[in-house]
Protein chains: 2
Amino acid sequence: MNYAVHINVMPLKELLDPQGKAVLSGLGNLGLKGVEDVRIGKHITLQIEAGSESEAKKIAEEASKKLLANPVMEYFEISVN
Amino acid sequence: MNYAVHINVMPLKELLDPQGKAVLSGLGNLGLKGVEDVRIGKHITLQIEAGSESEAKKIAEEASKKLLANPVMEYFEISVN
């Protein structure tokens, strides 16, 4: 079966996110009120052909560890639907 | 109240996604089987101070339209939790 697996790769919470800070100040300059923090990462959608949902998730986890996320600076979350 | 609003900004489905194609071939080179398509976009988390969930969502929508997404090449999805 074909599964759509979604991966979010985000900068670790302990680290500064300069891109997020730039967007935060940009939103302020545009006059948008209420936004207090911005963090920016990657959203990756994989179409995976696998026998089961857990197998698809395992493939996505391996892809994240081997290629998509840099564990020194990023963490990842996986969801299947 | 403080809301965490999540925005996914993805390349339009009609457009090629060269970054996704590069990752797809990279996964193949790593010997990972089963992945048939990859698309890569941005995942943005906003911390928004607002009176209600719908107000927070509205602010996020305005931010997406004005700054975060380029409608010529990208679409966005918003979720609040």
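Residues numbered from 1 in each chain as written. Chains lettered and ligands numbered in written order. Predicted model: local features only at pLDDT ≥ 70, side-chain atom pairs only at ≥ 80, totals over all residues. Heavy atoms only, no water.

## Overview of the confidence of the model for chain A
Line of reasoning, step 1. Of all residues in chain A, 100% attain a pLDDT of 70 or more, and the chain-wide mean is 96.
Line of reasoning, step 2. Scored as a whole, the predicted complex attains pTM 0.93, and scored at its interfaces, ipTM 0.92. (pLDDT = per-residue confidence, 0-100.)

## Overview of a nonpolar patch on the surface
Residue and element names in this part refer to chain A.
Line of reasoning, step 1. Together, L15, V72 and M73 line one region of the surface with nonpolar side chains, adding up to about 280 Å² of accessible area.
Line of reasoning, step 2. As for its position among the elements, L15 is in the loop between strand 1 (2–11) and helix 1 (18–29).
Line of reasoning, step 3. Note on L15: relative accessible area 34%, which makes it partly exposed. (Patch = residues over 30% accessible without salt bridge, like charges linked within 9 Å, V, L, I, M, F, W, Y side chains within 5 Å. Areas by Shrake-Rupley, 256 points an atom, 1.4 Å probe, with all protein chains shown as cover. Salt bridge = Lys/Arg side-chain N within 4 Å of Asp/Glu carboxyl O. Helix = DSSP H or I, 4+ residues; strand = E, 2+ residues; numbered from the N terminus. Buried < 20%, exposed > 50% of the residue type's maximum accessible area, 1.4 Å probe, protein only.)

## Description of the relation of the copies chain B and chain A
Superposing the two chain copies requires a rotation about an axis and a translation along that axis.
Line of reasoning, step 1. Superposition record for chain B on chain A: RMSD 0.0 Å, screw rotation 180 degrees, translation along axis 0.0 Å. The superposition operator between the copies reduces to a two-fold rotation axis.
Line of reasoning, step 2. Both copies share a contact surface, since 100% of the interface residues of chain B are interface residues in chain A too. (Least-squares fit on C-alpha atoms with pLDDT ≥ 70 in both. Contact = heavy atoms within 4.5 Å.)

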